[in-house]
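One letter stands for each residue in the lines below.
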Amino acid sequence: MELQKIGNSKLQVVISPRAAEMQSIQDNSGTEYLWQGDPKYWNRRAYNIFPYIARLTEGSYLYKGKRYNMSIHGFLPETQMDVEHISENMVCYILKSSDATLKDYPFPFELRISYTLQDNMIQVTYDVLNCGDERMFFGIGGHPGFCVPIEDGLSFDDYILEFAEKCSPVRIGFSENVFLNGHDTEYALEDGRRIPLQHDLFDDDAIILKDVCRKITLKSNKGTKSVTVSYPDMDYLGIWHRPKSDAPYVCIEPWTSLCSREGIVEDIEKQPDLVSLEPKKRYINTWTIEIV
């Protein structure tokens, strides 16, 4: 599994071919911003998600009356991608549908995931091509974990997540089994913008928000380093670390769609939040990680 490295005067980024998953984000001082995958808490770092986000009831979905199986977050997190092209500050990975993918996901496709460095920013682009003759349905998103604290001498609860503008988010309601239960609620922010980080925030698993500002920063008023994630074309934001733990990271996850409803095996032609892509058409979605 050959890792690829890209860099410029501000950043050095290392990426694995498995799910085009970033392995490291360091600034020019050598500070590591990306969670390093301690299996005590979570052994991954920043995988990408495709073609379904989060859980399916009974691990299954329906398409044209036929039942298909798929694990949490789809097959991409465990799938090797190929490098299509690479330069000093950019790498593009590609995955083409195969007999293995068609077994669980009956759509011919090409998926490209590229990372491009622009000064102190990482631009992440998803490019999906529907190669088939039928409309295809999918969800796509990111799952990067960031170190908290970023700087020595600080603690987890010295940090906040701060939206760039005031907003009134809604928290998606989940059952105990982490499926949609239909009971969405208002999610109060400190001064309309901030979420102070505490480990017990995640005792009930992930916080998934909609109707939010599309730019959020992980930072501490006691430090100088921060991470800003911007996701202009993602409708949902996930915030997570391992529940009921003192995990020293937080995931900031921009998503296009949600999981299944509790007790319902979803017909993906009818699930309203999935991307619906016409035959021979492309879908492109770009989000960014800014390191300070």
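Residues numbered from 1 in each chain as written. Predicted model: local features only at pLDDT ≥ 70, side-chain atom pairs only at ≥ 80, totals over all residues. Heavy atoms only, no water.

Trainee: Whenever I open this one, the packing of aromatic side chains confuses me. Can you help?
Mentor: In this description, an aromatic ring pair is defined by two values, namely the gap between the centres and the angle between the planes. What the rule picks out here adds up to 18 aromatic pairs. Ring centres of Trp-42 and Tyr-47 lie 5.9 Å apart, and the angle between their planes is 65°; on these two criteria the pair is classed as edge-to-face. On the basis of relative accessibility, which here comes to 10%, the residue Trp-42 falls in the buried class. Ring pairs connect the aromatic residues Phe-50, Tyr-63, Phe-75, Tyr-105, Phe-107, Phe-109, Phe-137, Phe-138 and Tyr-283, which therefore count as one cluster. (Phe/Tyr/Trp six-rings, centres within 6.5 Å; stacked < 30°, edge-to-face > 60°. Buried < 20%, exposed > 50% of the residue type's maximum accessible area, 1.4 Å probe, protein only.)

Trainee: Would you mind going over the side chain of Glu-162 with me for this structure?
Mentor: With respect to the helices and strands, Glu-162 occurs in strand β14 (residues 159–163). In this structure the side chain of Glu-162 is engaged in a polar contact, spanning 2.9 Å, whose partner is the side chain of Arg-194. Beyond its immediate chain neighbours, meaning those up to four positions away, Glu-162 contacts Arg-193, Arg-194, Lys-215, Ile-216, Thr-217 and Lys-219. (Helix = DSSP H or I, 4+ residues; strand = E, 2+ residues; numbered from the N terminus. Polar contact = N/O pair within 3.5 Å; in protein donor to acceptor, adjacent residues only side chain to side chain. Contact = heavy atoms within 4.5 Å.)

Trainee: What am I meant to see in empty space enclosed by the protein here?
Mentor: Empty space left among the atoms is revealed by rolling a probe the size of a water molecule over them. Counted under the stated rule, the structure contains two cavities of 30 Å³ or more. Taken as a whole, the largest cavity holds about 40 Å³ of empty space. If you go around the largest cavity, the residues you meet are Pro-51, Tyr-52, Tyr-61, Met-70, Tyr-105, Phe-137, Phe-138, Ile-268 and Leu-274. Of the residues belonging to the lining of the largest cavity, the class tally is nine nonpolar, no polar and no charged. The wall of the second largest cavity is formed by Met-22, Ala-46, Tyr-47, Asn-48, Tyr-115, Val-124, Gly-142, His-143, Pro-144 and Trp-287. Residues that form the lining of the second largest cavity fall into these classes: seven nonpolar, three polar and no charged. (1 Å grid on protein atoms, 1.4 Å probe; cavity = no way out; pocket = protein on both sides within 12 Å on 5 of 7 lines; lining within 4 Å. Points joined across faces, edges and corners; volume = space filled by probe spheres on them. Nonpolar A, V, L, I, M, F, W, Y, C, P; charged D, E, K, R; others polar.)

Trainee: How do you make sense of the pairing of strand β3 (residues 21–27) when you look at a structure like this?
Mentor: Strand residues, when the strand is regular, have side chains that alternate between the two faces of the sheet. Extensive coverage of β3 is indicated by the burial of six of its seven residues. In the sheet, strand β2 (residues 11–16) pairs with β3 via six bridges, with the strands oriented antiparallel. Counterpart to Ile-15 in the pairing with β3 is Met-22. What sits between the antiparallel neighbours β2 and β3 is a turn of four residues, in which Ala-19 has the positive phi angle 60°. (Pairing = 2+ DSSP bridges.)

Trainee: How should I be thinking about a negative patch on the surface in this particular structure?
Mentor: On the surface, Glu-176, Asp-200, Asp-203 and Asp-204 cluster together into a negatively charged patch. Examined against the element boundaries, Glu-176 turns out to sit in the loop between β15 (170–171) and β16 (185–186). When its relative accessible area of 82% is taken as the criterion, Glu-176 is described as exposed. (Patch = residues over 30% accessible without salt bridge, like charges linked within 9 Å, V, L, I, M, F, W, Y side chains within 5 Å. Areas by Shrake-Rupley, 256 points an atom, 1.4 Å probe, with all protein chains shown as cover. Salt bridge = Lys/Arg side-chain N within 4 Å of Asp/Glu carboxyl O. Lys, Arg positive; Asp, Glu negative; His and termini not counted. Charge placed at Lys NZ, Arg CZ, Asp CG, Glu CD.)

Trainee: Before we go on, may I ask you to explain the pairing of strand β24 (residues 282–291) in this structure?
Mentor: Sheet topology note: the strand β10 (residues 121–130)/β24 ladder contains nine bridges and is antiparallel. By the bridge assignment for β24, Val-124 is matched with Trp-287. Bridge analysis of strand β20 (residues 227–230) against β24 gives four bridges, and the strand direction is antiparallel. The residue of β24 that forms the bridge with Val-229 is Ile-289.

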